[in-house]
Amino acid sequence: MAERPGPLFYLVRTAEDDDGIGVGVLRCIKPWTRWLLIKGFAAGKEVPDLPIERAIATIRDYLGLPDLQPEVTGVDPWTMNSLYATKYQNRRVFCIGDAVHRHVPLNGLGSNTAVQDAYNLSWKLAFVLKGLAEPHLLDTYTEERMPVGKEVVEHATGALALYPALLEAIGIPAASSSNELASMWAEINAPSEAGKTRRAQIRSAVENMVYEFQTRGLELNQFYRSSATIADEEPKDKPSQLDLIPFVTTLPGAHLPHAWVQRNGVQVSTLDLVG
């Protein structure tokens, strides 16, 4: 893989895949000696027990390397979730991160969203405990962060729904054997009308995957509305989920826009001036 590096490699199998769905993911943990292999199992079925011996057989099968001698350090079953809480607090108890929003790893939004939860809650707790704000300031934690958690979960789940169209365009569901899989690849690469049509379908499906891999806007274009903010107008446009578009506004609830400025002859960001 060192000749064609990447963080994720999608592995295509067929209906011959034992208990699987025909698709796996190889994730690079440490170039190029440590890896994570994710094998998908059919929805609604209980994940089977995977002893080390079976895990090694799965690795060899998915990589197409029957003589590979991998060192397996662990096998963990895992179920994808699509859940969000509608309330992040109950009196003196506050929850953040996975406790209030769980979703598929697509988009990679889990850690970022948890850090934002912690930041939103921590400064409010500090103000209340120091006597700088009334306790009802803490009620705004749910008001501000719950809509974000809900949007993140719904977006990640929606990104998962993009995959069937891509697999259909490639022809994965129709390939029930290795021979059919080889014929499918041959058609995709053929200089024929059928090949041209198949390639166009694949390009279209891949372009739609932008909703999985480009989510800076979803992470950072957030606009809070709560009892802690007072604004006499709303943002004119709904923030983009894809592109980072800093709000050029000082409306309460918006992130302070970043801009480079000079301070004592040194270039700093406006974000560094507010403490």
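For the structure itself, consult the block above.
Below or above, wherever it landed, is the structure these notes cover. (Residues numbered from 1 in each chain as written. Predicted model: local features only at pLDDT ≥ 70, side-chain atom pairs only at ≥ 80, totals over all residues. Heavy atoms only, no water.)

1. Looking at a nonpolar patch on the surface
Phase 1: Residues Tyr119, Trp123, Phe127 and Leu132 make up a contiguous nonpolar surface patch of about 460 Å² in total accessible area.
Phase 2: Within the secondary structure, Trp123 sits in helix H2 (residues 110–129).
Phase 3: Overall, the relative accessible area of 34% leaves Trp123 in the partly exposed class. (Patch = residues over 30% accessible without salt bridge, like charges linked within 9 Å, V, L, I, M, F, W, Y side chains within 5 Å. Areas by Shrake-Rupley, 256 points an atom, 1.4 Å probe, with all protein chains shown as cover. Salt bridge = Lys/Arg side-chain N within 4 Å of Asp/Glu carboxyl O. Helix = DSSP H or I, 4+ residues; strand = E, 2+ residues; numbered from the N terminus. Buried < 20%, exposed > 50% of the residue type's maximum accessible area, 1.4 Å probe, protein only.)

2. Quick notes on helix H4 (residues 163–170)
Phase 1: Among the residues of H4, Tyr163, Leu166, Ala169 and Ile170 are the ones counted as buried. End-on view of H4: buried residues confined to an arc of 125°, all on one side of the axis.
Phase 2: As for H4, its buried residues are in contact with strand S1 (8–12), helix H3 (140–160), helix H5 (178–189), helix H6 (193–208) and helix H7 (210–213).
Phase 3: Gly171 lies just past H4 and shows a positive phi near 105°. (Arc of directions from axis to C-beta. Contact = heavy atoms within 4.5 Å.)

3. Topic: the side chain of His101
Phase 1: Structurally, the position occupied by His101 is in strand S7 (residues 101–102).
Phase 2: Look at His101 and you get buried, because its relative accessible area is 1%.
Phase 3: Of the polar contacts made by the side chain of His101, one reaches the side chain of Asp117; its length is 2.6 Å.
Phase 4: Once residues within four sequence positions are removed from consideration, His101 is found in contact with Leu83, Tyr84, Tyr88, Thr113, Ala114, Asp117, Gly149 and Val153. (Polar contact = N/O pair within 3.5 Å; in protein donor to acceptor, adjacent residues only side chain to side chain.)

4. Quick word on the environment of Met184
Phase 1: Along the chain, Met184 falls in helix H5.
Phase 2: On the basis of relative accessible area, Met184 is assigned to the buried category, the value being 7%.
Phase 3: Sequence spacing of Met184 and Leu220 is 36 residues, and the spatial spacing of their C-alpha atoms is 41 Å.
Phase 4: Apart from the residues lying within four places of it in its own chain, the contact partners of Met184 are Ile170, Gly171, Ile172 and Arg198.

5. Describing the packing of aromatic side chains
Each aromatic ring pair is summarised here by two numbers: the centre-to-centre distance and the angle between the ring planes.
Phase 1: One pass over the structure, following the stated rule, counts six aromatic pairs.
Phase 2: Geometrically, the ring pair formed by Tyr88 and Tyr141 is edge-to-face, given 5.6 Å between the ring centres and 65° between the ring planes. A residue pair is termed long-range when its members are at least 10 positions apart, and Tyr88 in the loop between strand S4 (83–84) and strand S5 (89–90) and Tyr141 in helix H3 qualify at 53 residues. Each member of the pair, Tyr88 as well as Tyr141, carries the same accessibility label: buried. (Phe/Tyr/Trp six-rings, centres within 6.5 Å; stacked < 30°, edge-to-face > 60°.)

6. With respect to the packing of H4 against H6
Phase 1: Two numbers describe how H4 lies on H6: the axes approach to 8 Å, and their chain directions differ by 165°. Compared by their axis directions, H4 and H6 come out roughly antiparallel. Of the two elements, H4 crosses H6, and the hand of that crossing is left-handed. Taking contact as the criterion, the partners of Ala165, Leu166, Ala169 and Ile170 in H4 are, on H6, Arg198, Gln201, Ile202, Ala205 and Val206. (Axes fitted to C-alpha atoms, helices over the stretch in contact; angles between N-to-C directions. Parallel < 35°, antiparallel > 145°, perpendicular 65-115°, else oblique. Left-handed = near helix turned anticlockwise from the far one by under 90°.)

7. So, the pattern of salt bridges
Phase 1: According to the stated counting rule, one finds three salt bridges in the structure shown.
Phase 2: Residues Asp117 and Arg145 are paired through a salt bridge, measuring 2.8 Å at the closest nitrogen-oxygen approach. You can see Asp117 sitting in helix H2 and its partner Arg145 sitting in helix H3, a full 28 residues away along the chain. Side by side, Asp117 and Arg145 carry an identical accessibility label, which is buried.

8. Here we look at the sheet that holds strand S3 (residues 34–41)
Phase 1: In spatial order, the strands read S1-S2-S3; together these three strands make up an open sheet with antiparallel pairing. Bordering the open sheet on either side are S1 and S3, each of which pairs with just one other strand. Across the sheet, the axes of successive neighbouring strands diverge by a mean angle of 20°, strand direction being ignored.
Phase 2: The pairing of S1 with strand S2 (residues 20–30) spans five bridges and is classified as antiparallel. Across the sheet, residue Val12 finds its bridge partner in S2, namely Val23.
Phase 3: Contacting S1, S2 and S3, helix H1 (residues 52–63) runs over the sheet at an angle of about 90° to S3. (Pairing = 2+ DSSP bridges.)

9. Considering empty space enclosed by the protein
Phase 1: With the rule as written, the count across this model stands at one cavity of 30 Å³ or more.
Phase 2: Around the largest cavity, the lining residues are Leu109, Asn112, Thr113, Gln116, Val148, Val152, Leu218, Glu219 and Gln222.
Phase 3: Looking at the lining of the largest cavity, the elements with two or more residues in it are H2, H3 and helix H8 (216–220).
Phase 4: With three residues, H2 is the single largest residue contributor to the lining of the largest cavity. (1 Å grid on protein atoms, 1.4 Å probe; cavity = no way out; pocket = protein on both sides within 12 Å on 5 of 7 lines; lining within 4 Å. Points joined across faces, edges and corners; volume = space filled by probe spheres on them.)

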